[in-house]
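Examination of the molecular architecture
Read off the chains here:
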Amino acid sequence: MRTHISNVALSSMVLLTAGGRLLQERRPRWQLWAWAAAVSVANVVTESAVTFLNVPDLADAAAGLLGVAVTLVALFVLGRTGLVRADGGDPSRQLSPRSTPDADDILT
């Protein structure tokens, strides 16, 4: 698996960038699924059919699909739970997904 880690990382980075943006913009969930499908299809086609500067390698395609799957699970967990402060702090001052932080939240 170590030889295919670059494909895991590349697939994960592309989906994390697009999916993170979709979560921030509160887009519908189907758009996240569409991005995951597009990255998966592009990965499989590149690793199986494109032979220009590439050797067909189905193990590399499987590694890319693994990266998509792990990132998709992480994005769904992040989308459901959101981001919370690590310090615990005052529960009444927790940032909700819809609130805008004030200067005290940013500086502390």
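Just so we're clear, the structure is a prediction, and the values are computed from it rather than from any experiment.

A few words on helix α3 (residues 58-81). With 24 residues, α3 extends 35 Å between its outermost C-alpha atoms, agreeing within 8% with the 34 Å of an ideal straight helix rising 1.5 Å per residue. Its buried side turned inward, α3 meets α1 (5-24) and α2 (29-48). Backbone nitrogen of Ala 59 and a side-chain oxygen of the N-cap are separated by 3.3 Å at the start of α3; the cap is Asp 57. Following α3 by one or two positions, Gly 82 has its phi on the positive side, about 75 degrees.

Below, the discussion takes up α2. Along its 20 residues, α2 runs 29 Å from first to last C-alpha, staying within 8% of the 28 Å computed at 1.5 Å per residue. For α2, every residue scored as buried is listed here: Gln 31, Leu 32, Ala 36, Val 39, Ser 40, Asn 43 and Glu 47. Packed against the buried residues of α2 are α1 and α3.

Before going further, it helps to spend a moment on the pattern of salt bridges. A complete count under the given rule lists two salt bridges for this structure. Glu 25 is the salt-bridge partner of Arg 21, the closest N and O atoms lying 2.5 Å from each other. When its relative accessible area of 32% is taken as the criterion, Glu 25 is described as partly exposed. In this structure, the salt-bridge partner of Glu 25 is Arg 27, at a minimum N-O distance of 3.2 Å. Here the residues in one salt-bridge network are Arg 21, Glu 25 and Arg 27, joined through shared partners.

How each quantity is defined
- Residues numbered from 1 in each chain as written.
- Predicted model: local features only at pLDDT ≥ 70, side-chain atom pairs only at ≥ 80, totals over all residues.
- Heavy atoms only, no water.
- Helix = DSSP H or I, 4+ residues; strand = E, 2+ residues; numbered from the N terminus.
- Expected span 1.5 Å × (residues − 1).
- Contact = heavy atoms within 4.5 Å.
- Polar contact = N/O pair within 3.5 Å; in protein donor to acceptor, adjacent residues only side chain to side chain.
- Buried < 20%, exposed > 50% of the residue type's maximum accessible area, 1.4 Å probe, protein only.
- Salt bridge = Lys/Arg side-chain N within 4 Å of Asp/Glu carboxyl O.

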